[in-house]
Amino acid sequence: MQASANADPKGESAPVAGILAEFDGPGALKKAAVQIRDAGFTRWDCYSPFPVHGIDPAMGVRPTILPWIILGMGLTGLTIATALQWWTNGVDYPFLISGKPLFGLPANIPIMFELTILLSAFGAFFGALILNDLPKFYRPIFSSKRFKKVTDNGFFIGIEASDPHYDSKKIQSLFRQMGPLSVEEFHDTDPQGALPKAFFRVGIILFLLGLIPLALALKSRHSTSSSPRWHFWRDMDFQPVAKAQRASAFFPDGRVIRPQVEGTFAREQADDNPHLNQGRVNGKFATTFPMKLSMEMLERGKDRFDTYCAPCHGKDGRGQGLVAKRASTLGEGTWVPPSNLVDPRIEKMPVGEIYQAIRYGVRNMPKYGPQIKVEDRWAIVAYIRALQRSQNGTIKDVPEADRGKLK
Amino acid sequence: MSNELSSVDFLADDPTQRAPLVSPDLEFKDVTETVCGVAEKPRPPKAWYVAFGISLALTGMLFSMIAYLVITGVGVWGNNSPAFWGFPIVNFVFWVGIGHAGTLISAILFLFRQKWRTSINRFAEAMTIFAVVCAGLFPGIHVGRIWFAYWLFPIPNQMEMWPNFRSPLLWDVFAVGTYATVSLLFWYFGMIPDLASLRDRAKGKIAKLLYGIFSLGWSGSARHWHRYERAYLILAALATPLVLSVHSVVSFDFAVAQLPGWHSTILPPYFVAGAIFSGFAMVVTLMLPARLLFGLEKIVTMRHIENMNKVILATGMMVGYAYAMEFFIAWYSGSPSERFVFINRAFGNYAWAYWIMVSCNVFIPQLFWFKKLRRNPWVIMFVVLFVNVGMWFERFVIAVTSLTRDFTPASWGYFSPTWIDIGMLVGSFGLFFTLFLLFLRFLPIVAISEVKGVMPQAHGHQDGGHGEVKEAAEAGASTNS
């Protein structure tokens, strides 16, 4: 920093870096600038506490390319926004909202606009800093004590020693003709720069430490592990969900399964046809079907049976469905084998009891009431009866007139 | 300072000549001295300590409440069916609105060559940044599980999901994020030369180091100034549409929804006018005591305050027009729900809030029609404080009255805030003032280099074009134009 440069004991003995002249106000500065420009110097500059109006033509400064950089950045922002929205919502993760097009212009304009502005602003800010060679904490000109006035009320012209036309005596006499407030040589007192070394050391250490998490992430992406994924936020892993038959810490009676609220009834409790809906007549299992049997009903029952029942009970009802076979192969300890539906035990059951087993489940078999409609349940019962008759039947079941056909 | 001030009549209104932008007896050196002097005093005024102590305590309260909220959940707020948007969204819109004045003064007035802005733009920009900080806080904590707030951004993730870019809420993320970033760049960029002033005057080791780092080694080179001015102009040109877009996008949060009272095309311009209105009121609220406290009366003159009061009067009228027009549109729409919602706003169970809003925003600013009143510090303070209150209520009325009276009467309700809601609103003011007081203490609170550029001395030795300069052979000769 320039302060430390001033404190440097080397001071005047350091190599000369150029000549600095101070002028009285913006008008004098501009006039002097014209002369320096016309004398053909190239490595020189004017310094002032505010931008002096008209100094650019006086110095011969050409317009900066900054606006083009900003335009480029703005167009980049527009492209990024368009591509980002099109790809994320239209291609990679299609977001269907009320059947609207996946990529339509109007809804995507706000973000296109914002990103265009954002990147343009980055272009203006960082572009101006980079073109101005900032940040640069040390410049030889800072070693002049007088130069501190440049941010207050000082107007300076500095010519660097590296200029091809540099000749200290000639330049000093040229400056003196312009009536400056002062003319002096400035020295390169601190060629190493001004920021304390510790900054760089700390910076490097922090940078290296910052790489560790990235390296760990990269490593885990390219290796396998048998342990479960690491959860930073475990709040969805532990949910206060009530499980059946467990004690509840929430309800005072400790029951998880809540009793029916007083004064209410469930839909099925308002049943005006227990024969049809529950398979019961006068509280006992019904022995008859609540509707007339038909060939259509049997076919419907076969279709439903093959869908819902056959996976365990098998298509012939003997309890040899694919699931049952697989479970007995695996030797699952908790597996209760499905009943053989053509067994005489079930053959003797009233139809109401089979209906109830479908509706409410039995032993390990879950209830199918929610999945199978009332009429379909009866159709399945009818089809089970058909399976039983077809597999356990005797010659007596065949009408006498048709017995001859069997032989 | 105030004694010297009374001898200078730089408020005179002589139409034959342009009024000086700062007190005409100032030299370049005085500007540096006055502004840097604020940050260089070994101790700030006692009032600063009192204000800072209170603000810091309120900030502490705000963050304790946020901690409580994060640990417990959003149930600590009064937000509940049907008003799921309560204080957090109201506060968010309020603070974003406040944040509009800064960029408006810096950018739009810059493009319109309103040079009087130079005395107040730094101040207003700082206010913008801090208001946007307060604004950004509320949606951040409103998401509930704030550790997932990064889901707002399109970051590739293991769920292979992307945010919905067609939602106004996501537009909001981009609009407010861009606005905060660009405002910060604009503010800092303008401050670099002034930080260099502080660097060159600094005595203490830490001050030298920190001002040195943040001024980036600025040297005042004309070649640098050239690019700097170009960049500043373009930043202003970029920030101008941005400032108009931000509150438009915020208004889309409401306008794109189908709720009666929200679903209206008037909302974007109405929100922008309201934002400028509230922002200027907040600038004046802060500027009036600060210029006295830090002796800036010569740089920030009564004329500056008066100009801002005129803007407040004008935008207040626009807001009043929007209030009236909303009623007209509700009637003209022929929709019974729209009509009901607006009649309910003015005469229903939130009529108290509605009439606070109308009184503070439309009736009270009418005092500024009178020159005497808009130059009287007590009257000004009275008006701008009420405008601040009124603009908060405007957002409250919009958000809450519509939510609690939607299409289905079965879901009607009444919103009541909890003490956490109110504490967070008060605490956000603490955060705002804490940041602002730190800015007043440590940073150049007036744009030093810009003020110097508009002083008569900067053009006093004007030589016209560069051809004339070439001919001015005699060194040191000065021609007055």
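None of the values given here were measured: they were computed from a predicted structure.

### As for the interface of chain A and chain B
So, step 1. Contacts between the two partners involve 86 residues from chain A, matched on the other side by 77 residues from chain B.
So, step 2. Taken together, the two surfaces of chain A and chain B that pack against each other cover about 7100 Å², and 67% of this comes from carbon and sulfur.
So, step 3. Of all residues in chain A, Lys31, Phe125 and Thr151 of chain A bury the most surface against chain B, accounting for 10% of the area lost on that side.
So, step 4. At the boundary of chain A and chain B, one finds 2 salt bridges.
So, step 5. In this structure, aspartate 152 of chain A engages lysine 29 of chain B in a salt bridge whose closest nitrogen and oxygen atoms are separated by 2.7 Å.
So, step 6. Considering each element in turn, the side of chain A that touches chain B owes the most residues, 17 residues, to helix α5 (residues 105-131) of chain A.

### As for the domain arrangement of chain A
One frequently used descriptor of interface size is the decrease in accessible area upon assembly of the parts.
So, step 1. Per the domain assignment, the segments making up chain A are domain 1 (13-194) and domain 2 (272-392).
So, step 2. The straight-line distance from the C-alpha centre of domain 1 of chain A to that of domain 2 of chain A is 87 Å.

### Quick notes on the pairing of strand β2 (residues 44-47) of chain A
Residues and elements named next belong to chain A.
So, step 1. Burial along β2 is two-sided: the face carrying Trp44 and Cys46 and the face carrying Asp45 and Tyr47 are both buried.
So, step 2. As paired strands, β2 and strand β3 (residues 155-160) are joined by 4 bridges and run antiparallel to one another. By the bridge assignment for β3, aspartate 45 is matched with glycine 158.

### Topic: helix α9 (residues 222-255) of chain B
All names here are of chain B.
So, step 1. End to end, α9 covers 49 Å across 34 residues, agreeing with the expected 50 Å (1.5 Å per residue, within 8%).
So, step 2. For α9, the buried fraction is high: 25 of the 34 residues fall into the buried class.
So, step 3. Sitting at the head of α9, serine 221 places a side-chain oxygen 3.1 Å from the backbone nitrogen of arginine 223.

### A closer look at the pairing of strand β1 (residues 16-23) of chain A
Residue and element names in this part refer to chain A.
So, step 1. Within β1, 7 of the 8 residues are buried, which leaves the element mostly enclosed by the surrounding structure.
So, step 2. In this sheet, strand β4 (residues 182-187) lies alongside β1 in antiparallel orientation, the contact comprising 6 bridges. Paired with glutamate 22 across the bridge in β4 is serine 182.
So, step 3. By the bridge criterion, 6 bridges tie β1 to β3 in an arrangement that is antiparallel. Along β3, the bridge assignment pairs glutamate 22 with phenylalanine 156.

### Some remarks on the state of the cysteines
So, step 1. On inspection of all chains with the given rule, the structure shows 0 disulfides over all chains.
So, step 2. The structure places no disulfide on cysteine 312 of chain A, whose sulfur is separated from the nearest cysteine sulfur, that of cysteine 309 of chain A, by 9.3 Å.

### A few points about the confidence of the model for chain B
Low-pLDDT portions of the prediction should not be read for the details of their coordinates.
Residues and elements named next belong to chain B.
So, step 1. Of all residues in chain B, 91% attain a pLDDT of 70 or more, and the chain-wide mean is 86.
So, step 2. The weakest mean pLDDT in chain B belongs to helix α19 (residues 466-471) at 38; the strongest belongs to helix α13 (residues 351-363) at 95.
So, step 3. Predicted confidence for residues 1-10 stays below pLDDT 50, and this span has 18 contacts to residues more than four positions away or in other chains.
So, step 4. In the model, residues 461-481 has pLDDT below 50 throughout and makes 35 contacts with residues more than four positions away in sequence or in other chains.

### What to know about a nonpolar patch on the surface
So, step 1. A cluster of nonpolar side chains, namely Val143, Tyr150, Trp151, Leu152, Phe153, Ile155, Met159 and Met161 of chain B, defines an oily patch on the protein surface of about 700 Å² accessible area.
So, step 2. Its place among the elements puts methionine 159 of chain B in the loop between α6 (121-142) and α7 (168-201).

### Remarks on the side chain of asparagine 344 of chain B
Residues and elements named next belong to chain B.
So, step 1. Along the chain, asparagine 344 turns up in helix α12 (residues 336-347).
So, step 2. The class of asparagine 344 is buried, set by a relative accessible area of 9%.
So, step 3. In contact with asparagine 344, other than residues within four places in its own chain, are Asn349 and Arg405.

### Section: the pattern of salt bridges
All names here are of chain A.
So, step 1. By the definition in use, this model includes 23 salt bridges over all chains.
So, step 2. Here arginine 43 and glutamate 160 are joined by a salt bridge, their closest N and O atoms 3.2 Å apart. Of this pair, arginine 43 sits in the loop between α2 (25-38) and β2 while glutamate 160 sits in strand β3, and the two are 117 residues apart along the sequence.
So, step 3. Since its relative accessible area comes to 42%, arginine 43 is described here as partly exposed.
So, step 4. Given a relative accessible area of 30%, glutamate 160 falls into the partly exposed group.
So, step 5. The residue arginine 146 makes a salt bridge to glutamate 184 at a minimum N-O spacing of 3.5 Å. Of the two residues, arginine 146 is situated in the loop between α5 and β3 and glutamate 184 in strand β4; the sequence distance between them amounts to 38 residues.
So, step 6. What makes arginine 146 partly exposed here is its relative accessible area of 36%.

### Re the environment of aspartate 376 of chain A
Residue and element names in this part refer to chain A.
So, step 1. Checked against the element boundaries, aspartate 376 lands in helix α13 (residues 374-392).
So, step 2. Aspartate 376 has contacts with Arg300 and Arg304, leaving out every residue within four places of it along the chain.
So, step 3. Among the polar contacts listed, one links the side chain of aspartate 376 to the side chain of arginine 300, at a separation of 2.8 Å.

### Quick word on unusual backbone geometry
So, step 1. Note that the residue after leucine 134 of chain A, namely proline 135 of chain A, is joined by a cis bond; omega there is -5°.
So, step 2. Cis geometry is adopted by the peptide bond preceding proline 82 of chain B, which originates at serine 81 of chain B and carries an omega value of 0°.
So, step 3. Inspection of the secondary structure assignment puts proline 82 of chain B in the loop between α3 (46-72) and α4 (87-98).
So, step 4. Not every positive phi belongs to a glycine, and aspartate 133 of chain A is a case in point at roughly 60°.

### Overview of the environment of phenylalanine 28 of chain B
All names here are of chain B.
So, step 1. One can find phenylalanine 28 in helix α2 (residues 28-40).
So, step 2. On the basis of relative accessibility, which here comes to 7%, the residue phenylalanine 28 falls in the buried class.
So, step 3. Measuring from C-alpha to C-alpha, the distance between phenylalanine 28 and isoleucine 448 comes to 9.0 Å, with 420 residues separating the pair along the chain.

### Focus: the packing of aromatic side chains
So, step 1. Under the criterion given, the structure shown has 71 aromatic pairs over all chains.
So, step 2. Ring centres of phenylalanine 147 of chain A and phenylalanine 156 of chain A lie 5.2 Å apart, and the angle between their planes is 55°; on these two criteria the pair is classed as tilted. Comparing phenylalanine 147 of chain A with phenylalanine 156 of chain A shows no difference in burial state: the two are buried.
So, step 3. Centroid distance phenylalanine 87 of chain B to phenylalanine 415 of chain B: 5.9 Å. Interplanar angle 35°. Geometry classified as tilted. Note that phenylalanine 87 of chain B is positioned in helix α4 and phenylalanine 415 of chain B in the loop between α15 (377-404) and α16 (419-442), a separation of 328 residues in sequence. Just as phenylalanine 87 of chain B is buried, phenylalanine 415 of chain B falls in that class too.
So, step 4. Among the aromatic residues, those joined into a cluster by ring pairs are Phe122, Phe125 and Phe126 of chain A together with Phe110, Phe186, Tyr188, Phe189, Trp218, Trp225, Tyr228 and Tyr232 of chain B.
So, step 5. The ring of phenylalanine 442 of chain B carries the charged tip of arginine 441 of chain B above its face, separated from the ring centre by 5.6 Å.

### A closer look at the sheet that holds β2 of chain A
Residue and element names in this part refer to chain A.
So, step 1. Ordered by their spatial adjacency, 4 strands build an open sheet running β2-β3-β1-β4, and the pairing between neighbours is antiparallel. Looking along the sheet, the strands with just one partner apiece sit at the ends: β2 and β4. Adjacent strand axes in the sheet meet at a mean angle of 20° when their direction is disregarded.
So, step 2. Relative to the sheet, α2 contacts β1, β2 and β3, its axis offset from that of β3 by approximately 20°.

### With respect to the packing of helix α5 (residues 100-111) of chain B against helix α10 (residues 267-293) of chain B
Residues and elements named next belong to chain B.
So, step 1. It is the contact of α5 with α10, at a shortest axis distance of 7 Å, that shows an interaxial angle of 90°. When the axes of α5 and α10 are compared, the pair comes out roughly perpendicular. Residues His100, Ala101, Leu104 and Ile105 of α5 pack against Ala275, Ile276, Gly279, Phe280 and Val283 of α10.
So, step 2. Taken together, the residues of the contact of α5 with α10 sort by class into 7 nonpolar, 2 polar and no charged.

Definitions and cut-offs
- Residues numbered from 1 in each chain as written.
- Chains lettered and ligands numbered in written order.
- Predicted model: local features only at pLDDT ≥ 70, side-chain atom pairs only at ≥ 80, totals over all residues.
- Heavy atoms only, no water.
- Contact = heavy atoms within 4.5 Å.
- Buried area = accessible area lost by both parts, 1.4 Å probe.
- Salt bridge = Lys/Arg side-chain N within 4 Å of Asp/Glu carboxyl O.
- Helix = DSSP H or I, 4+ residues; strand = E, 2+ residues; numbered from the N terminus.
- Domains from an automatic or database assignment.
- Buried < 20%, exposed > 50% of the residue type's maximum accessible area, 1.4 Å probe, protein only.
- Pairing = 2+ DSSP bridges.
- Expected span 1.5 Å × (residues − 1).
- Polar contact = N/O pair within 3.5 Å; in protein donor to acceptor, adjacent residues only side chain to side chain.
- Disulfide = S-S within 2.5 Å.
- pLDDT = per-residue confidence, 0-100.
- Patch = residues over 30% accessible without salt bridge, like charges linked within 9 Å, V, L, I, M, F, W, Y side chains within 5 Å.
- Areas by Shrake-Rupley, 256 points an atom, 1.4 Å probe, with all protein chains shown as cover.
- Phe/Tyr/Trp six-rings, centres within 6.5 Å; stacked < 30°, edge-to-face > 60°.
- Lys NZ or Arg CZ within 6 Å of the ring centre and 35° of its normal.
- Axes fitted to C-alpha atoms, helices over the stretch in contact; angles between N-to-C directions.
- Parallel < 35°, antiparallel > 145°, perpendicular 65-115°, else oblique.
- Nonpolar A, V, L, I, M, F, W, Y, C, P; charged D, E, K, R; others polar.

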